Amino acid sequence: MNIDRRRFVGSAAGITATTGVAADWFWPKHSVSYQRPRSFVAILNATEYSEKVEALLMDGLRLFRLNLNGRRVLLKPNLVEDLPGPVNTNADVIGAAARCFLRLGAAKVVVGEGPGHQRDTELVVQAANLKPHLADRRIHFVDLNRDELARVELKASYSGLGELWLPRTVLDSDFIVSMPKVKTHHWAGVTLSLKNMFGIVPGMKYGWPKNLLHWHGIHECILDICATVPIHFVIADGITAMEGNGPLQGTARDLGKIVVADDPVAADATCARLMGLDPLRVQHLSDGGRFLGNLNANRIMMLGERVEPPARPFSVLPDFEYLIAPTR
Amino acid sequence: MLGVVPVGTRDPRWFAVDLDVSYTKGSLCLMVHFSVSNTVLASRQLVSGGWSFASSQQASIEATCLAAFALADEMPANAGASTQFLLKSQFADGCWPAFEGDSEGSWTTALSLCYLNGMTDFASAREKASHWLVEERGREAHWFWRWKFKTADRNVSFDPDKYGWPWISGSASWVIPTAFSVIALKQFTVCNRSELSEKRIRLGVDMLLDRACAGGGWNSGNSIVYGVPLPAHAEATAIALLALQDEERTSVIRASLAWLKQKSAAIESVESLAWCILCLFVYQEPVDHLKAGLATLVGDGRDIRNNATLATAILALRCGEMIHPFVVLR
């Protein structure tokens, strides 16, 4: 019997996942579950970044009938480096989201991020050209790397960290919106709404980068962080995405989509499918599908457009070729 | 006289004047301007004597050290209170946490030692801190991880035999904590060298030289990942060069200095520009034009919410008028 490398890795991942499910049944590593009977996802088509994004996003958000009256909303974009290319969540999308949530009744909207490599957060914010989008509505940007911290016991135990110091701004928010840039990632496979939450871990405690998380396992830390700080909503910037050697040095890939969802696992699974990748093969998605949200397509209600895999899957580094979904 | 001086002006010319010409209009304005920034920083000091990064009551050791440096000459009472805060915050084994309430040692031990190195007192605190620093190392220093990085894990290109200091215990070596640790130990051992400390300093210097980017400068850690060179960061480069100020001007140092000089001209961020000035000044490069640009960005300091950034800016603007906090005289 011939077994090629991809099939072998896929089978191994399947066996591991099955074993993991069995083990998790007897010894669960999470004390919370955010799974609901059904999750909602909408794919919005946008070919370019412009002021039109706000109207598009507003239409998309209205599909979810969010009750934001009086709530404190934290937008957590993915602002990583002052580099050219589709490295950061686009400022047009962040600004549009901030204005939309205010229009929907939010008492306060704050944009918060703690870049992982670049210590000078101001430099990253400048490179992203974010300030003009926030100034007109007096929306504050909070450097999560240097916010006041509180020690928090983790609600999952995949990493073995037990606890983390986390920013007050995050802990005091009522409604957390993860706003990733749709990208491949050279350590995690993909960086989407769940991986984006690495940015809430404060550099002033854990450094630049937050290397302790790497030593404790990237996927495991993602699960622990997202169990402890639940994501309430996702707006993923996939208008221009990144493929190849992401998250910093990949190449631009025009996807032309914004994915909005009320469930981070469903959002990431949808993004992965749009990238031509199999979400079941992304470890933190596969594990997260047991308690952070819905991974199974049967439990994801698409509001409008259905997921169509791309004609050509996103290119990935050789170590991650096993993520590529089998063609039908 | 002071009442007519437009405090808060953003006119960069006011920072290009020579302070030796005392009581000219320019120098008076310059002093007033500095005192405004100093006053802003001083007004944000916490009751504990420390400073937080922004508007919280949780003192940060980094912000406190930099603020204490910045106010040491002009506002000794504030600096004195912060010294007492730092001494109280030191753990029994000699290290400092990253912030008030934290219970683990961190890279801020190097920064605290730099601050205490400028004083004649507190020998015991400095001794304990230097001992902790000499013992501290990146996780890759362990034989198992060195072996792994040499054999099984080659996606990141670096020499694991050359290790420095981590941000916090349990993680790998990174450029900025290594650079501050090298500076702190070099300063501490000016009159106090030992074989152990020299060996540790040399290893840290070798680590920095090993991690330099191909075109000069430093990223946060490794310079190549998956075969692709990473770009340098201005702040990391400036601090790494400060650590190497007394080393032989190798091609790595020359290339990095050239990169920083070129990069600094276009930086519009206070934090990075301030570190560029602090570094280039030590290397006797012209910085007046950069100071002028920084003064414009800082204004009267009120808009700079990050106290560590404001303190660094004050230090950079006062380069040449006070003892450089990170100078190494060996």
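This report concerns the structure included in the present document. None of these values were measured; they are calculated from a predicted model.

**Overview of the overall build of chain B**
And step 1. A tally of helices and strands in chain B yields 13 helices and two strands.
And step 2. Relative to its full complement of 330 residues, chain B shows a buried share of 53%.
And step 3. Of the contacts made within chain B by residues no fewer than 6 positions apart, 63% connect residues no fewer than 24 positions apart.

**Overview of helix α2 (residues 52–62) of chain A**
All names here are of chain A.
And step 1. The complete set of buried residues in α2 reads Val53, Leu57, Gly60 and Leu61. All buried residues of α2 lie within an arc of 95° about the axis, which places them on one face of the element. Opposite the buried face of α2, at more than 90 degrees from it, the exposed residues are Ala55 and Arg62.
And step 2. Those residues of α2 that are buried lie in contact with β1 (39–45), α3 (91–103) and β11 (251–261).

**Some details on the packing of helix α4 (residues 108–117) of chain B against helix α5 (residues 123–135) of chain B**
Residues and elements named next belong to chain B.
And step 1. Remark: α4 packs on α5, axes separated minimally by 10 Å, with the N-to-C direction vectors making an angle of 145°. For the pair α4 and α5, the sense of crossing is left-handed. Of α5, the residues touching α4 (which contributes Thr109, Ala110, Ser112, Leu113, Leu116 and Asn117) are Ala125, Arg126, Ala129, Ser130, Trp132 and Leu133.
And step 2. Each residue belonging to the contact of α4 with α5 can be placed in one class, and the counts come to seven nonpolar, four polar and one charged.

**So, helix α10 (residues 264–274) of chain A**
All names here are of chain A.
And step 1. Among the 11 residues in α10, 10 count as buried, and that is most of the element.
And step 2. All of the buried residues in α10 are Pro264, Val265, Ala266, Ala267, Asp268, Ala269, Thr270, Cys271, Ala272 and Leu274.
And step 3. One or two steps after α10, the chain reaches Gly276, where phi turns positive at roughly 80°.

**Digging into the interface of chain A and chain B**
Where interface size is quoted, it is often the accessible area lost as the parts come together.
And step 1. In this complex, chain A contributes 25 residues to the contact, which on the side of chain B involves 29 residues.
And step 2. Listed by contribution, the elements that provide at least two residues to the side of chain A that touches chain B are α4 (121–127), α7 (203–206) and α8 (211–215) of chain A.
And step 3. In the side of chain A that touches chain B, the residues fall into 10 nonpolar, eight polar and seven charged.

**Digging into the packing of helix α10 (residues 251–264) of chain B against helix α11 (residues 270–282) of chain B**
A pair of packed helices is captured by two measures, namely the crossing angle of their axes and the spacing between those axes.
All names here are of chain B.
And step 1. Running from N to C, α10 and α11 cross one another at 135°; their axes reach a closest spacing of 10 Å. One way to sum up the angle between α10 and α11 is to call them oblique. Relative to α11, α10 is oriented so that their crossing is left-handed. Contacts between α10 and α11 pair Leu260, Lys261 and Ser264 from the former with Leu273, Cys276, Cys279 and Leu280 from the latter.
And step 2. Taken together, the residues of the contact of α10 with α11 break down into five nonpolar, one polar and one charged.

**A word on the pairing of β1 of chain A**
In the case of a regular strand, side chains alternate between the two sheet surfaces.
Residues and elements named next belong to chain A.
And step 1. Of all the seven residues making up β1, five are buried; the element is thus mostly covered by neighbouring parts of the structure.
And step 2. Inspection of the sheet shows β1 paired to strand β12 (residues 300–302) by three bridges, in the parallel sense. Residue pairing across strands places Val41 opposite Met302, the latter belonging to β12.
And step 3. As paired elements, β1 and β11 share five bridges and run antiparallel to each other. Along β11, the bridge assignment pairs Ile43 with Val259.

**Comments concerning the pairing of strand β3 (residues 108–113) of chain A**
Residues and elements named next belong to chain A.
And step 1. Here β3 lies mainly inside the structure; five of its six residues are buried.
And step 2. Two elements, strand β2 (residues 72–77) and β3, share four bridges in a ladder whose sense is parallel. Residue pairing across strands places Leu74 opposite Val110, the latter belonging to β3.
And step 3. Where the polypeptide runs from β2 across α3 and back to β3, its parallel neighbour, the crossover connection is right-handed.
And step 4. Relative to strand β4 (residues 140–143), β3 runs parallel, the two sharing four bridges. Bridge pairing links Val111 to Phe141 in β4.

**A closer look at unusual backbone geometry**
And step 1. Omega for the bond connecting Trp208 of chain A with Pro209 of chain A falls within 30 degrees of zero, at 0°, which places this linkage in the cis form.
And step 2. If you trace the backbone, Pro209 of chain A turns up in the loop between α7 and α8.
And step 3. Of note, the amide linkage connecting Gly246 of chain A to Pro247 of chain A takes the cis form, showing an omega dihedral of 10°.
And step 4. Of note in the backbone geometry, Asn129 of chain A takes a positive phi value of approximately 60° without being a glycine.
And step 5. Tracing the backbone through its elements, the reader meets Asn129 of chain A in the loop between α4 and α5 (131–135).
And step 6. At Phe122 of chain B, a position not held by glycine, the phi torsion is positive, near 65°.
And step 7. Among the secondary structure elements, Phe122 of chain B is positioned in the loop between α4 and α5.

Rules of the game
- Residues numbered from 1 in each chain as written.
- Chains lettered and ligands numbered in written order.
- Predicted model: local features only at pLDDT ≥ 70, side-chain atom pairs only at ≥ 80, totals over all residues.
- Helix = DSSP H or I, 4+ residues; strand = E, 2+ residues; numbered from the N terminus.
- Buried ≥ 20, exposed ≤ 12 C-beta atoms within 10 Å, placed from the backbone.
- Contact = placed C-beta atoms within 7 Å.
- Arc of directions from axis to C-beta.
- Axes fitted to C-alpha atoms, helices over the stretch in contact; angles between N-to-C directions.
- Left-handed = near helix turned anticlockwise from the far one by under 90°.
- Nonpolar A, V, L, I, M, F, W, Y, C, P; charged D, E, K, R; others polar.
- Parallel < 35°, antiparallel > 145°, perpendicular 65-115°, else oblique.
- Pairing = 2+ DSSP bridges.
- Right-handed = clockwise from strand over helix to strand, strands pointing away.

Geometric values such as these leave the question of function open.
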